[in-house]
Amino acid sequence: MPDKIAFLPPKKSVLDRRDIIVSDLADLLPKGCLVSEPRGLVPFETDAFIAYRNVPLAVALPETTAQVAAVLKYCSGYGIPVVPRGAGTSLSGGAIPQADAVVIGLSKLSRILDVDYANRTATVQAGVTNLNISEAVSADGYFYAPDPSSQLACTIGGNIGMNSGGAHCLKYGVTTNNLLGVKMVLFDGTIIDLGSKALDAPGLDLLGLVCGSEGQLGIVTEATVRLIAKPEGARPVLFGFQSSEAAGACVAEIIGSGIIPVAIEFMDRPAIEICEAFAHAGYPMDVEALLIVEVEGSEAEMDAMLAGIIAIARRHGVSTIKESQSATEAALIWKGRKSAFGATGRIADYICMDGTVPLSQLPYVLKKTGEIVARLGLRVANVFHAGDGNMHPLILYNINDPEDAARAEEAGNEILKLCVDAGGCLTGEHGVGIEKRDLMLHQFAPVDLDQQMAVRAAFDPQWIMNPSKVFPLEGRPAA
Amino acid sequence: MSEVHQPVSEDAAARIIHTAAAVGAPLVLRGGGTRSLARNDEGHEILSSARLSGIVSYNPAEMTMTAKSGTPLADILAALAEKRQMLAFEPLDLRPVLGTTGNPTIGGVFATNASGPRRFVAGAARDSLLGVRFVNGSGDIIKAGGRVMKNVTGLDLAKVLAGSRGSLAFVTEVTFRLLPVPETAATIVISGLNDAEATAAMATALSMSVEVSGAAHLPETVRGRFLGGDLPAAATVLRIEGLSASVAVRAETLRAAMASFGAVSMLDADATDRLWREIRDVHPYADGTLRPLWRVSVAPTVGHQLVAALRLETGVDAFYDWQGGLIWLRMEAEAEAGLLRHFIKALGGGHATLVRAAPGILATTLVLEPQPDAVAALEARIKAKFDPKGIFSAGVTG
């Protein structure tokens with residue numbers, strides 16, 4: 001790729017001491033908790049943003065908060081960069097390491113510590129997967145609301161790092177709205193607790209800062225999250241339209257009418273074809289755009305909400321309406337949607353953008369996205385959380401063709417600038433990572449970023465935590 | 001009298017702050033001045049948002065609004081009511097309790113993270129705040145966040161400004177999300193429960209799929225102060241909101257389930273509206289006194305244990321919101337901060353804020369919960385990054 005995104009140059013002082021560092025880390029960790037052999041390091045060289053690979057110096061897999069603290073204290077003492085890693089499902093390169101970095105992986109911190117139904121909380125170690133929480137409480141009638149598509153694999157620690165969303169956050173909010181407290185380790189090994197089972201915490205809202213900080217403010221080792229009683233019933237309904245614009249306008253009118261479904265998901269024709277071929281979800285194949293609208297509650301409530309939604313959809317020329325008739329059908333509808341990225345990956349390489357736009361701008365941004373991609377001779381599939389304006393254009397390309405890859409990156413950059421210029425933002429839930437780092441100045445003025453970086457430095461004055469990410473490499477405050 | 005600056009623009013505010021920072025002169029930041037009782041701003045210059053007023057944009061179809069920080073809350077609520085929308089977090093109005101006048105501003109609402117009964121389902125003020133513009137302590141004009149619901153672009157500075165009580169920066173503009181006003185609402189009342197029984201009833205109600213949006217317990221000592229004395233006994237109250245057909249069905253389900261706890265009755269939409277406003281604004285303690293009033297946040301199930309423990313030691317009166325996790329606690333005489341905080345810690349943690357007290361008590365009590373050393377040090381470092389000269393520190397107590 002011509003404009004490869006740069007990582008910080010590896011520190012020679014760290015690389016030169018590699019063997020000593022590995023030996024010192026081995027002293028700090030139990031047997032089997034340190035990876036340093038070249039072959040063992042390969043799985044950690046990238047994440048779900050596979051365009052970049054760097055083998056790290058070593059990977060620590062601590063089993064306790066105290067071990068995380070010991071490793072961080074050691075690394076900060078020698079200025080060794082640290083890259084936190086959940087399950088490595090980041091779509092923005094948030095977990096991609098660098099040659100002089102020690103990766104701290106959460107995979108061994110995988111216990112659910114406390115489930116408290118009376119207070120509706122769960123306290124879990126940071127390496128517990130998102131889906132594990134919901135599965136652990138499902139039989140008792142509860143769930144954990146944020147549901148990123150990668151929920152089978154992604155960890156709650158990673159979710160906190162990225163402030164992950166998902167399809168159902170239209171009603172229930174994203175991670176930051178469902179997080180009550182964390183135990184975390186600061187860059188120098190200091191362990192702090194923020195929040196508790198109480199709804200409000202004293203002092204500054206540090207929890208709000210930490211959530212979505214992409215591993216730059218510290219490493220979360222435990223989290224207390226809100227549990228929610230499962231709705232009586234839930235029903236996804238498919239609405240097919242003959243144009244993306246009509247579907248987009250329908251979404252804006254549904255929200256504007258005061259009806260808030262649990263989820264409104266959007267797919268255009270390429271996305272429908274890809275997902276249907278993979279999941280056989282029963283999506284209509286004779287439409288240009290599809291909305292999955294999910295309502296929940298009692299039968300009476302779902303009927304009342306659906307009546308309102310159907311009336312709006314008819315005004316926008318809906319051509320197909322299909323209600324799921326059974327739990328199996330409902331599950332298939334969601335399986336198709338949630339496998340969109342995986343299914344796309346079977347037919348082509350892709351990069352997935354994640355800009356969010358104001359709802360009124362959806363039709364315009366969809367149209368312009370199509371034009372940008374067509375001009376560069378590429379294909380795009382759109383599948384996204386329409387209810388909150390969080391777009392996910394999947395730009396298809398061939399990773400082995402450098403020119404194709406460069407065009408895909410160019411298209412992605414143009415689309416993100418389009419989102420910002422339409423009043424939106426670069427990323428709604430995937431995070432900045434390295435992918436969007438150099439676009440930050442399109443959304444923020446230097447003075448805005450300076451304030452963010454200053455706050456970041458209050459947590460990590462040495463800039464050792466995930467240092468190549470989020471903020472442009474130029475113009476950072478001196479360490 | 002302190003000098004009061006009332007800039008008419010963000011630029012003018014930035015110039016005032018820049019000048020103050022140059023000489024290290026403290027500035028007390030003020031919205032509507034509704035909390036002046038809890039502040040010690042004697043002798044310091046005041047920077048007021050009073051003339052930074054007006055709704056900048058309102059997009060009902062996108063459920064977002066942008067307003068200048070000094071916009072009166074009443075103006076915003078009036079504009080929202082026209083489109084049948086609302087602030088989901090139900091900002092509370094403490095003027096009757098504090099005995100203050102002044103006009104609450106939207107900036108003040110976010111600066112204090114003022115959140116009412118719906119907080120445990122709809123989030124606090126901070127959860128509705130999408131973006132801010134502010135002037136930091138060096139006089140730089142900065143924006144953070146945006147105007148879309150989902151945004152993880154960079155550090156979430158809007159969150160840390162929410163609830164920072166004017167200690168970090170002078171917020172000039174806020175963008176926040178809205179929700180539609182529910183079509184109707186009803187309240188299930190369970191009569192005659194003691195605090196422990198009420199806690200169990202509320203936990204059961206919230207484990208059900210009926211979407212309770214308010215859960216409070218009003219013990220015998222306060223129930224006469226609600227609905228003009230119409231509640232017959234200690235009342236455990238549960239609010240249901242939504243489409244009318246759905247509210248009727250859910251209310252019936254809940255009523256049936258709560259019958260095992262005590263006598264159950266129901267309030268209509270109008271009584272529901274009045275009752276939850278009175279709960280929100282701490283009506284029982286709008287008593288014209290300066291007896292110490294605490295706002296305590298703990299895990300919902302331990303709220304009643306905390307009150308029981310305090311009763312053995314001192315004279316207290318209390319009622320509960322947020323399923324028991326928010327306690328409004330009025331002391332008979334002394335603030336008893338040490339005792340209160342000792343019991344909160346012993347019961348698993350939480351925090352207490354002294355909302356009201358006589359000047360002598362305020363001056364000698366830690367109004368805000370003290371933080372552990374490591375967190376306090378971190379907060380101090382963050383504060384220095386917003387306000388290097390420490391000019392916003394003065395008078396920030398309540």
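Definitions and cut-offs
Per-chain numbering applies: the sequence of each chain, read as written, is numbered from 1 onward. Chain letters start at A and ligand numbers start at 1, both assigned in the order the entries are written. Totals for whole chains, interfaces and linings use all residues, but because this is a predicted model, local features are given only for residues with pLDDT of at least 70 and pairs of side-chain atoms are given and counted only at 80 or more. Calculation of side-chain values draws on the structure's entire complement of heavy atoms; hydrogens and water are dropped beforehand. Domain borders in the structure are assigned automatically or taken from a domain database. Here, residues are in contact when the closest pair of their heavy atoms is within 4.5 Å. Reported buried area values correspond to the accessible surface (1.4 Å probe) lost by two parts on association, with both partners' losses combined. We define a polar contact as two N or O atoms separated by no more than 3.5 Å, with the added condition that, inside protein, one atom must be a possible hydrogen donor and the other a possible acceptor, whereas residues neighbouring each other in sequence contribute only through side-chain atom pairs. Helix numbers and strand numbers start at the N terminus; a helix is a DSSP run of H or I with at least 4 residues, a strand a run of E with at least 2. Basically, the charged four are Asp, Glu, Lys and Arg, the nonpolar ten are Ala, Val, Leu, Ile, Met, Phe, Trp, Tyr, Cys and Pro, and anything else, Gly included, counts as polar. For two strands to be treated as a pair, DSSP must find at least two bridges joining them. Classification of residues uses two cut-offs on accessible area relative to the type maximum, computed with a 1.4 Å probe and protein chains only: under 20% is buried, over 50% is exposed, and between them is partly exposed. Between rings of Phe, Tyr and Trp, where Trp is taken as its six-membered ring, a pair exists when centres lie within 6.5 Å; planes separated by under 30 degrees are stacked, by over 60 edge-to-face, and by other angles tilted. Comment: axis = line fitted to C-alpha atoms, over the contacting stretch for helices; angle = value between 0 and 180 degrees taken between N-to-C directions. Between Lys or Arg on one side and Asp or Glu on the other, a salt bridge is scored when a side-chain nitrogen of the former is within 4 Å of a carboxyl oxygen of the latter. Think of the arc as the fan of directions from the helix axis to the C-beta atoms.

### Points about the domain arrangement of chain B
Residues and elements named next belong to chain B.
Okay, step 1: According to the domain assignment, chain B contains domain 1 (47-180), domain 2 (184-280) and domain 3 (283-365).
Okay, step 2: Contact residues are listed per partner, giving 11 residues for domain 1 and nine residues for domain 3.
Okay, step 3: Between domain 1 and domain 3 the total buried area reaches about 820 Å² when both faces are included, carbon and sulfur atoms providing 70% of it.
Okay, step 4: Sorting the residues of domain 1 by area buried against domain 3 places Val97, Leu98 and Phe120 first, and these three jointly supply 48% of that buried surface.
Okay, step 5: Applying the counting criterion to the domain 1 and domain 3 interface returns two residue pairs in polar contact (both at pLDDT 80 or more).
Okay, step 6: For the side of domain 1 that touches domain 3, the secondary structure elements donating two or more residues are helix 3 (95-98) and helix 5 (119-122).
Okay, step 7: Split by residue class, the side of domain 1 that touches domain 3 holds seven nonpolar, two polar and two charged.

### Quick notes on the pairing of strand 4 (residues 55-59) of chain B
Okay, step 1: As paired strands, strand 4 of chain B and strand 5 (residues 64-68) of chain B are joined by four bridges and run antiparallel to one another. Note that in strand 5 of chain B the partner of Ile55 of chain B across the bridge is Ala67 of chain B.

### A closer look at unusual backbone geometry
Okay, step 1: For Asn163 of chain A, which is not a glycine, the phi torsion comes out positive at approximately 50 degrees.
Okay, step 2: Looking at the secondary structure, you find Asn163 of chain A in the loop between helix 6 (156-162) and helix 7 (169-172).
Okay, step 3: When its relative accessible area of 6% is taken as the criterion, Asn163 of chain A is described as buried.
Okay, step 4: If you check the backbone angles, Arg165 of chain B has positive phi at about 55 degrees while not being a glycine.
Okay, step 5: With respect to the secondary-structure elements, Arg165 of chain B resides in the loop between helix 7 (157-161) and strand 9 (169-177).
Okay, step 6: With relative accessibility at 17%, the residue Arg165 of chain B sits in the buried group.

### Focus: the packing of aromatic side chains
Where two aromatic rings form a pair, the distance of their centres and the angle of their planes describe that pair.
All names here are of chain A.
Okay, step 1: Inspection of every chain in the model, using the stated rule, returns 13 aromatic pairs over all chains.
Okay, step 2: Considering the side-chain rings of Tyr74 and Tyr78, the 4.9 Å spacing of their centres and the 50 degrees angle between planes classify their relative orientation as tilted. Residue Tyr74 and its partner Tyr78 are located together in helix 4 (residues 65-78), separated by four residues, close to a single helical turn.
Okay, step 3: The class for Tyr78 is partly exposed, based on a relative accessible area of 45%.
Okay, step 4: Between the aromatic rings of Phe143 and Tyr172, the centroid separation amounts to 5.3 Å while the plane-to-plane angle is 80 degrees, which identifies the pairing as edge-to-face. Residue Phe143 is found in strand 7 (residues 142-143), and its partner Tyr172 is found in helix 7; the two are separated by 29 residues along the sequence. Grouping residues by exposure puts Phe143 and Tyr172 together as buried.
Okay, step 5: Pairwise contacts between aromatic rings join Phe7, Phe49 and Tyr52 into one cluster.

### Considerations on the sheet that holds strand 9 (residues 191-195) of chain A
Residues and elements named next belong to chain A.
Okay, step 1: Ordered by their spatial adjacency, five strands build an open sheet running 5-6-10-8-9, and the pairing between neighbours is antiparallel. Taken across any chain shown, the strands that pair with only one partner, and hence form the sheet edges, are strand 5 (112-116) and strand 9. The mean angle between the axes of side-by-side strands here comes to 10 degrees, regardless of whether they run parallel or antiparallel.
Okay, step 2: Across six bridges, the pairing between strand 8 (residues 179-185) and strand 10 (residues 219-226) is antiparallel. Each bridged residue has a counterpart across the sheet, and for Leu179 the counterpart in strand 10 is Val225.

### Observations concerning the domain arrangement of chain A
How big an interface is tends to be stated in terms of accessible area lost as the parts join.
Residues and elements named next belong to chain A.
Okay, step 1: Split by domain assignment, chain A resolves into domain 1 (12-105), domain 2 (112-229), domain 3 (234-340) and domain 4 (348-421).
Okay, step 2: With eight residues of domain 2 at the contact, the number on the domain 3 side is 12 residues.
Okay, step 3: Of the roughly 840 Å² buried between domain 2 and domain 3, counting both surfaces, carbon and sulfur atoms make up 53%.
Okay, step 4: Together, Ala167, His168 and Leu170 form the three largest contributors to the area buried by domain 2 at its contact with domain 3, with a combined 57%.
Okay, step 5: In this structure, the salt-bridge partner of Lys171 is Glu296, at a minimum N-O distance of 3.0 Å.

### Regarding the environment of Ser319 of chain A
All names here are of chain A.
Okay, step 1: Here Ser319 lies in the loop between helix 11 (299-315) and strand 15 (320-323).
Okay, step 2: The exposure class assigned to Ser319 is partly exposed, which follows from its relative accessible area of 40%.
Okay, step 3: Note: C-alpha distance between Ser319 and Leu227 (92 residues apart in sequence) is 38 Å.
Okay, step 4: Not counting the four nearest positions on each side in its chain, Ser319 is found in contact with Gly240, Phe241, Gln242 and Val287.

### Here we look at the interface of chain A and chain B
Okay, step 1: On the chain B side, the residues contacting the 88 residues of chain A number 66 residues.
Okay, step 2: Carbon and sulfur atoms make up 58% of the area that chain A and chain B hide from each other, which totals about 6000 Å².
Okay, step 3: Its largest share of buried area at the contact with chain B, chain A owes to Asp200, Leu204 and Gln451 of chain A, together 12% of the area lost on that side.
Okay, step 4: At the junction of chain A with chain B, the criterion picks out 29 residue pairs in polar contact (both at pLDDT 80 or more).

### Overview of helix 2 (residues 18-28) of chain A
Residue and element names in this part refer to chain A.
Okay, step 1: Turning to helix 2, its buried residues are Ile21, Val22 and Leu25. Take helix 2 and look down its axis: the buried residues cluster within an arc of 100 degrees, on one side only. Residues of helix 2 that are exposed and point over 90 degrees away from its buried face: Asp19 and Asp27.
Okay, step 2: Elements that come into contact with the buried residues of helix 2 comprise helix 1 (12-15), strand 1 (34-35), strand 2 (58-60), helix 4 and strand 4 (102-105).

### Some thoughts on the sheet that holds strand 2 of chain A
All names here are of chain A.
Okay, step 1: A sheet is described by the order of its strands in space; here four strands give the open sequence 1-2-4-3, paired in mixed fashion. On the outer flanks of this sheet lie strand 1 and strand 3 (82-85), each paired with one strand and no other.
Okay, step 2: Sheet topology places strand 3 next to strand 4; four bridges connect them, and they run parallel. Note on strand 4: the bridge partner recorded for Val83 is Val103.
Okay, step 3: On top of the sheet, helix 4 reaches strand 2, strand 3 and strand 4; it is set at about 165 degrees to strand 4, its chief contact.

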